[in-house]
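A look at the structure
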Amino acid sequence: MPGLIGKKIGMTSVFSADGKNIPCTVIEVGPCVVTQVKTVEKDGYKAYQLGFEEAKEKRTSQPMMGIFKKAGTTPKKHLAEFKFDEEYNLGDTITVEIFNDCKFVDVIGTSKGKGFQGAIKRFGQHRGPMAHGSKFHRHQGSNGSATTPGRVFKGKGMPGHMGSKQITVQNLEVVKVDVDNNLILVKGAVPGPKKSLVTIKETVKVER
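As a starting point, this report considers the structure included with it. (Residues numbered from 1 in each chain as written. Predicted model: local features only at pLDDT ≥ 70, side-chain atom pairs only at ≥ 80, totals over all residues. Heavy atoms only, no water.)

**A few points about the sheet that holds strand S11 (residues 183-187)**
Read once around its circumference, the closed barrel built from six strands follows the order S1-S2-S11-S10-S7-S12, with strand pairing classed as antiparallel. Each neighbouring strand pair of the sheet contributes to a mean axis angle of 50°, computed without reference to strand direction. Here strand S2 (residues 21-29) pairs with S11 via five bridges, running antiparallel. Of the residues in S11, the one forming a bridge with Glu28 is Leu183. (Pairing = 2+ DSSP bridges. Helix = DSSP H or I, 4+ residues; strand = E, 2+ residues; numbered from the N terminus. Axes fitted to C-alpha atoms, helices over the stretch in contact; angles between N-to-C directions.)

Printed below as a string of structure tokens:
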């Protein structure tokens, strides 16, 4: 499906035609350069590898430099593959203009990392009584059975690393596409902090 690599800029709000204030996330999308063309004959599938943001040549490996030189472009920092119905060639530039006719998009990003957290904050588990003699305040309760199977089941909510996971938000409404500034405004929130990398695709589940 059509898609591009972008960067989350931040949030703002715009007024609709009927005067409603719409909260929006601003995303810088592309321009992306076609760095590789995957074919059914050679690779077993058809897709296009796109590059986004300039990278320093000294930080790029020699095999990757060969790919960029073959495409006739400078080294790119981020790469991703997408499927397009249109035909593109090596070195072609794809801009946010492809989303002009899209009403809804799916955005993939990495959520903010929260570090090591307890089960109360991580999973919303209940705390114990806060009286001085309870000795049980923000600890977990029983984790496993006293008899069989004598172990903790898989999937049990436990303390651990919170956040920093890939999250997909589906059916975000496209409010505005600014081709001149390579920006797209979508209604609602997008996972991740400012300047984080995101991937925008045409939605797979059309909202009815």
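Having put the structure on the table, let's press on.
**Side note on the sheet that holds strand S3 (residues 32-38)**
One open sheet accounts for four strands, arranged S5-S4-S3-S6; its pairing is antiparallel. A single partner strand is all that each edge strand has here, and the edge strands are strand S5 (76-82) and strand S6 (93-94). Relative to S6, S3 runs antiparallel, the two sharing two bridges. When the bridges of S6 are listed, Cys32 appears paired with Ile94. Packing against the sheet, helix H2 (residues 62-71) makes contact with S3, strand S4 (47-54) and S5, and its axis sits at approximately 100° to S3. (Contact = heavy atoms within 4.5 Å.)

**Side note on the packing of aromatic side chains**
Considering all chains together, one arrives at three aromatic pairs under this definition. Seen in terms of ring centroids, Tyr48 and Phe84 are 6.1 Å apart; in terms of plane orientation they differ by 65°. Their pairing is edge-to-face. Here Tyr48, found in strand S4, pairs with Phe84, found in the loop between S5 and S6; they are 36 residues apart in sequence, far enough to count as distant. Each member of the pair, Tyr48 as well as Phe84, is classed as buried. Pairing Tyr48 with Tyr88 gives two aromatic rings, centres 5.7 Å apart and planes at 90°, and the pair type is edge-to-face. With a gap of 40 residues between them, Tyr48 in strand S4 and Tyr88 in the loop between S5 and S6 connect regions that are remote in the sequence. Assigned by exposure class, Tyr48 and Tyr88 land together as buried. (Phe/Tyr/Trp six-rings, centres within 6.5 Å; stacked < 30°, edge-to-face > 60°. Buried < 20%, exposed > 50% of the residue type's maximum accessible area, 1.4 Å probe, protein only.)

**A short note on the pattern of salt bridges**
Note on pairing: side chains with opposite charge can pair once their charged atoms come close. Under the definition given, this model contains four salt bridges. Lys7 is the salt-bridge partner of Glu53, the closest N and O atoms lying 3.1 Å from each other. On the criterion of sequence distance, the pair formed by Glu53 in strand S4 and Lys7 in strand S1 (residues 3-15) is long-range, its members being 46 residues apart. (Salt bridge = Lys/Arg side-chain N within 4 Å of Asp/Glu carboxyl O.)

**Observations regarding H2**
If you check which residues of H2 are buried, you get Met65, Phe68 and Ala71. Take H2 and look down its axis: the buried residues cluster within an arc of 125°, on one side only. In H2, the exposed residues that point more than 90 degrees away from the buried face are Gln62, Pro63, Lys69 and Lys70. Structurally, H2 contributes buried residues whose contacts are with S3 and S5. Directly beyond the C-terminal end of H2, a positive phi value near 70° is found at Gly72. (Arc of directions from axis to C-beta.)

**Some thoughts on the side chain of Ser196**
Counting through the fold element by element, Ser196 comes out in the loop between S11 and strand S12 (197-202). With relative accessibility at 12%, the residue Ser196 sits in the buried group. A polar contact is formed between the side chain of Ser196 and the backbone oxygen of Pro193, at a distance of 2.6 Å. With sequence-adjacent residues up to four places away left out, Ser196 is seen in contact with Gly6, Lys7, Lys8 and Pro191. (Polar contact = N/O pair within 3.5 Å; in protein donor to acceptor, adjacent residues only side chain to side chain.)

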